[in-house]
Amino acid sequence: MTSAIIYLHGFLSAGNAVKARTFRSFMEQTRPEVTVLSPDIDNDPLKAFGSVMDYLKDKPRPQGVIGSSLGGFWARMLARELQIPGVLLNPVVHADSLIRERLGEYQNPATGVRFCLTEDTVRGICGAEADADELDRRLLRVYLGTADEVLDHRVALDFFKGCDVRLLPGETHRLFGFEALCPEIADYLLSGSAGSSGN
């Protein structure tokens, strides 16, 4: 059976994001039997999680999920939905707050797709917010850059109490040291040890 890990990108990004490519390259060199999936998530937050589930319908069931920024929000939902381990990289904690701060028209620079975030989007995302807040802390490992200039890492540090949280001193939102984390992330997602303990 084919093994797979799915990577979920952040806001205004796409499936070919730098960290997705970095992790895929690492896995191809070290564990070529594992497929790294990295879909283009729908830009509309009300359709985003559904687009991930639709993408997986004809794909191998992932053994783990990685999510970055807003992708971390969807990743914690997917981890709970599929009961698989998840690694969250500088994750968004409250998607409704993030969207409310970014109302307006956008064009995704990675795909060229235009979309709009409205008050209706904020109201609609509240259902997903409630689902995402039902954490299975045994399944999650969270990496937080202490110099994140986009999201306050202290909010996530408080929210993810009980999870395996790893602070990365001096790291920014982009996590420039991500490549060095790939071995331990792969081990965590594929070892079957997720859920056995937490910090």
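As a reminder, the structure under discussion sits directly above these lines.
We now turn to the structure provided with this report. All values reported here derive from a predicted model rather than from experimental measurement.

1. Observations regarding the packing of aromatic side chains
Considering all chains together, one arrives at 6 aromatic pairs under this definition. An angle of 80° between the planes, with centres 5.4 Å apart, marks the rings of phenylalanine 11 and tyrosine 106 as edge-to-face. With phenylalanine 11 in the loop between β1 (3-8) and α1 (18-30) and tyrosine 106 in strand β5 (residues 104-107), this pair connects stretches of sequence that are 95 residues apart. Residue classification places phenylalanine 11 among the partly exposed positions, given a relative accessible area of 25%. Taking relative accessible area as the criterion, tyrosine 106 reaches 22% and is therefore assigned partly exposed. Aromatic pair phenylalanine 159 and phenylalanine 160: ring centres 5.0 Å apart, planes at 85°, arrangement edge-to-face. Each member of the pair, phenylalanine 159 as well as phenylalanine 160, carries the same accessibility label: buried. Grouped by ring-pair contacts, the aromatic residues Phe11, Tyr106 and Phe115 constitute a single cluster. Lying across the ring of tyrosine 55, lysine 59 places its NZ or CZ 4.2 Å from the centre.

2. Digging into the pattern of salt bridges
Pairing between side chains of opposite charge can happen when the charged atoms of each approach one another. In this structure the tally under the stated criterion is 11 salt bridges. The salt bridge partner of aspartate 58 is lysine 59, with a shortest N-O separation of 3.0 Å. The partly exposed category is assigned to lysine 59, whose relative accessible area is 29%. A salt bridge links arginine 154 to aspartate 152, with the shortest nitrogen-to-oxygen separation between them at 2.9 Å. Via salt bridges that share partners, Arg141, Asp164, Arg166 and Glu184 belong to a single interconnected network.

3. Details of helix α3 (residues 70-82)
When the terminal C-alpha atoms of α3 are compared, their 19 Å separation across 13 residues agrees well with the 18 Å that a helix rising 1.5 Å per residue should span. Burial analysis of α3 places 11 of its 13 residues in the buried class, the great majority of the element. Residues Leu70, Gly71, Gly72, Phe73, Trp74, Ala75, Arg76, Met77, Leu78, Ala79 and Leu82 constitute the buried set of α3. After α3 finishes, the residue glutamine 83 shows a positive phi value of roughly 55°.

4. A word on the sheet that holds strand β2 (residues 34-37)
Within the open sheet, the 6 strands sit side by side as β2-β1-β3-β4-β7-β8. Their pairing is parallel. On the outer flanks of this sheet lie β2 and β8 (164-168), each paired with one strand and no other. Within this sheet the neighbouring strands show an average axis-to-axis angle of 15°, counted without direction. Where β1 and β2 come together, 4 bridges link them in parallel fashion. When the sheet's bridge partners are listed, isoleucine 5 is paired in β2 with valine 36.

The rules behind the values
Residues numbered from 1 in each chain as written. Predicted model: local features only at pLDDT ≥ 70, side-chain atom pairs only at ≥ 80, totals over all residues. Heavy atoms only, no water. Phe/Tyr/Trp six-rings, centres within 6.5 Å; stacked < 30°, edge-to-face > 60°. Helix = DSSP H or I, 4+ residues; strand = E, 2+ residues; numbered from the N terminus. Buried < 20%, exposed > 50% of the residue type's maximum accessible area, 1.4 Å probe, protein only. Lys NZ or Arg CZ within 6 Å of the ring centre and 35° of its normal. Salt bridge = Lys/Arg side-chain N within 4 Å of Asp/Glu carboxyl O. Expected span 1.5 Å × (residues − 1). Pairing = 2+ DSSP bridges. Axes fitted to C-alpha atoms, helices over the stretch in contact; angles between N-to-C directions.

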